[in-house]
Amino acid sequence: MKVGIDSITFDVPKLHLPIKTLAENRNIEPDKLIKGLGLHKMTFPDVHQDVVTFAANAVFKLMQQESLNPNDIARIYVGTESGIDSSKPVASYISALLEQHYGEGSFRYCDTLDITFACIGAVDALHNTLDFIRLNPTKKAIVVASDNAKYDLASTGEYTQGAGAIAMLITANPRVLSFSNEVGVSSQGVFDFFKPRRYVSKNEILNTTDNPEWFGILENEVAFYKEQPVFDGQYSNQCYINRTTEAYSHYKEITHQNGVLFNNWENILMHLPYCFQARRTFVEIYANELNNEEERDTKTLSKSAEYLEFVNQKIFPSEIASGQVGNMYTGSIFLGLLSTLCFHFQNETHLQGKKFGFIAYGSGSKSKVFEAEVENGWQSVIEKVQLFETLSESHEIDFGTYIALHKKERKESVLQPKNEFVLTRIEKENPVLLGARYYEFSK
């Protein structure tokens, strides 16, 4: 029995800052980011948007696109590293928002859960759900990847920012992709990129030696959380290479393949923290597979005509949307998948029966390698997606607006929301609902 993706939708911010604008305001040569990293636009959430709205909008589109009934959906599993609460999952917000449209209690018997492991969390949610469908082939489930990749202003990660969500309907006998049972894995506990709880004493905040109650906090130590990560770019990149090459080797081992594995793949989908990450790092696997002793210098090999042609055929289709959106953390590998499928749809490529190779990565750190086969209904689904058309309609903002949004100084939305779920308020008065977030559908 085949199990996999039967349909797929997305939701991304409608705002973007041109990378050229960011580069000029940061005194960076624009071509270093555009030609060097493949970056063109950086999407950024509007005032009324967050990971919940992106996720709920993507799932609602999926429900509408496929005329799904709430009773059809057995579970909604979310992969995210941008959770808005340390207890209440994004998935529970999604079901509540959907009930605003489908009726109170309509998702009462739908299992909901968040899975967090940096940028690989949605892949973990996918694999968990594939196993669920294998055991329950008459049921349907939804996997969502939703994140906001936000970095400190003027940091080395600033130009890779992006946001959005991908929603996937997982079923038996899928129309788009069916996945392999085998999964290569490599994991190691490291601090290459993380978002810790941070602590500061009241003495530092209030300039006092006492410990007065402060916003309900009785402890002298105040914990706070930043959306922006602590990271070491070079170390994280090396961890990415180590984990992906190890997981790739593990997949070959457990599937008993001795030849060049990537020759079996029509396209390669990798986590893209920035557009050209895959082409820059896959060269390590490429060199190992071909055992090219004359060109063991991967920097030289990466610039060779042979490798550049390989990139153009196997990796480039996944990069198209990434360069227009930016990093989506857990959603990046699935945006690459959607980009690849839309590229082939536009070019009327015959994909049925061909295989895609997936190489996922999450900091902390873990990689998974697995395969999927393209099914004969993929075109009927992808023709509805309109990915490239939607990205071309993105609204350009100026640098001042971007700074105001980043610092959360702007109170009014840049664009008036329409036909989408929006964040309306965060409770600040009721002591038993402090911090509760409220949403509604804006028509």
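None of these values were measured; they are calculated from a predicted model.

(A) Expanded view of the overall build of the protein. Counting its secondary structure elements, the protein contains 15 helices and 19 strands. Relative to the 2.2 N^0.38 estimate, which gives 22 Å for 443 residues, the radius of gyration of the protein is 22 Å and therefore close to what a compact globule would have. Viewed in the frame of its principal axes, the protein has a C-alpha envelope of about 65 × 50 × 40 Å. In the protein, which comprises 443 residues, the proportion classed as buried is 56%.

(B) Representation of the sheet that holds strand S2 (residues 15-18) in the model. With mixed pairing, three strands are arranged side by side in an open sheet as S3-S2-S17. Each edge of the open sheet is held by one strand with a lone partner, namely strand S3 (41-43) and strand S17 (395-396). Strand direction decides the pairing type here: S2 and S17, joined by two bridges, are parallel. For histidine 16, the partnering residue across the bridge sits in S17 and is glutamate 396.

(C) Representation of the packing of aromatic side chains within the structure. For the coordinates displayed, the defined rule picks out 29 aromatic pairs. Between phenylalanine 60 and phenylalanine 421 the ring centres are 5.7 Å apart and the planes differ by 80°, which places this aromatic pair in the edge-to-face class. Taken together, the residues span a long stretch of sequence, with phenylalanine 60 in helix H3 (residues 51-65) and phenylalanine 421 in strand S18 (residues 420-426) at a distance of 361 residues. Both residues of the pair, phenylalanine 60 and phenylalanine 421, belong to the buried class. Taking 6.5 Å as the distance between ring centres and 40° as the angle between the ring planes, the aromatic pair formed by phenylalanine 193 and phenylalanine 231 counts as tilted. Highlighted residues: phenylalanine 193 in strand S10 (residues 193-194) and phenylalanine 231 in strand S13 (residues 230-231), separated in sequence by 38 residues. For phenylalanine 193, a relative accessible area of 10% corresponds to the buried category. The cationic tip of lysine 61 hangs over the ring face of phenylalanine 10; the distance from NZ or CZ to the ring centre is 5.4 Å. Across the ring face of phenylalanine 132, the terminal group of arginine 75 is positioned such that the distance to the ring centre comes to 4.1 Å.

(D) The arrangement of the environment of cysteine 275 in detail. With respect to the element layout, cysteine 275 can be found in the loop between strand S14 (265-270) and helix H8 (277-290). Each C-alpha atom, one on cysteine 275 and one on lysine 2, is 31 Å from the other, the two residues being 273 residues apart in sequence. The contact partners of cysteine 275, leaving out residues within four places of it in the chain, are Leu37, Gly38, Leu39, Glu319, Ser322 and Gly323.

(E) Up close: unusual backbone geometry. With an omega dihedral of 5°, the bond running from glycine 364 to serine 365 counts as a cis peptide bond. Within the fold, serine 365 resides in the loop between strand S15 (355-362) and strand S16 (366-374). The phi dihedral of phenylalanine 215 is positive, around 50°, even though this residue is not glycine. One can find phenylalanine 215 in the loop between helix H6 (202-206) and strand S12 (221-225). Phi is positive for glutamate 348, close to 50°, though the residue is something other than glycine. Looking at the secondary structure, you find glutamate 348 in the loop between helix H12 (332-346) and S15. Among the residues examined, glutamate 348 registers a relative accessible area of 71% and is labelled exposed.

(F) Looking closely at the environment of lysine 411. Note that lysine 411 resides in the loop between helix H15 (399-406) and S18. Taking the C-alpha atoms as reference, lysine 411 lies 31 Å from isoleucine 115; in sequence the two are 296 residues apart.

(G) Region of the structure containing H12. With 15 residues, H12 should cover 21 Å at 1.5 Å per step; its first-to-last C-alpha distance of 21 Å lies within 8% of that length. Among the 15 residues that make up H12, 12 are buried, leaving the element largely enclosed by the rest of the structure. Every buried residue of H12 is accounted for by Ser332, Ile333, Phe334, Leu335, Gly336, Leu337, Leu338, Ser339, Thr340, Leu341, Cys342 and His344. Following H12 by one or two positions, glutamate 348 has its phi on the positive side, about 50°.

(H) Layout of the packing of helix H7 (residues 233-254) against H8. At a closest axis distance of 10 Å, the pairing of H7 and H8 adopts a crossing angle of 45°. Classified by the angle between their axes, H7 and H8 sit oblique to one another. Between H7 and H8 lies a crossing whose hand is right-handed. Of H8, the residues touching H7 (which contributes Asn237, Tyr240, Ile241, Thr244, Thr245, Tyr248 and Lys252) are Gln277, Thr281, Glu284, Ile285 and Glu289. In terms of residue class, the contact of H7 with H8 is made up of four nonpolar, five polar and three charged.

(I) Broad picture of the state of the cysteines. The full count for this structure, using the stated rule, is zero disulfides. The closest cysteine sulfur to the non-disulfide-bonded cysteine 119 is located on cysteine 239, 13 Å from its own sulfur. You can call cysteine 119 buried: its relative accessible area is 8%.

How each quantity is defined
- Residues numbered from 1 in each chain as written.
- Predicted model: local features only at pLDDT ≥ 70, side-chain atom pairs only at ≥ 80, totals over all residues.
- Heavy atoms only, no water.
- Helix = DSSP H or I, 4+ residues; strand = E, 2+ residues; numbered from the N terminus.
- Rg over C-alpha atoms; globule rule 2.2 N^0.38 Å.
- Buried < 20%, exposed > 50% of the residue type's maximum accessible area, 1.4 Å probe, protein only.
- Pairing = 2+ DSSP bridges.
- Phe/Tyr/Trp six-rings, centres within 6.5 Å; stacked < 30°, edge-to-face > 60°.
- Lys NZ or Arg CZ within 6 Å of the ring centre and 35° of its normal.
- Contact = heavy atoms within 4.5 Å.
- Expected span 1.5 Å × (residues − 1).
- Axes fitted to C-alpha atoms, helices over the stretch in contact; angles between N-to-C directions.
- Parallel < 35°, antiparallel > 145°, perpendicular 65-115°, else oblique.
- Left-handed = near helix turned anticlockwise from the far one by under 90°.
- Nonpolar A, V, L, I, M, F, W, Y, C, P; charged D, E, K, R; others polar.
- Disulfide = S-S within 2.5 Å.

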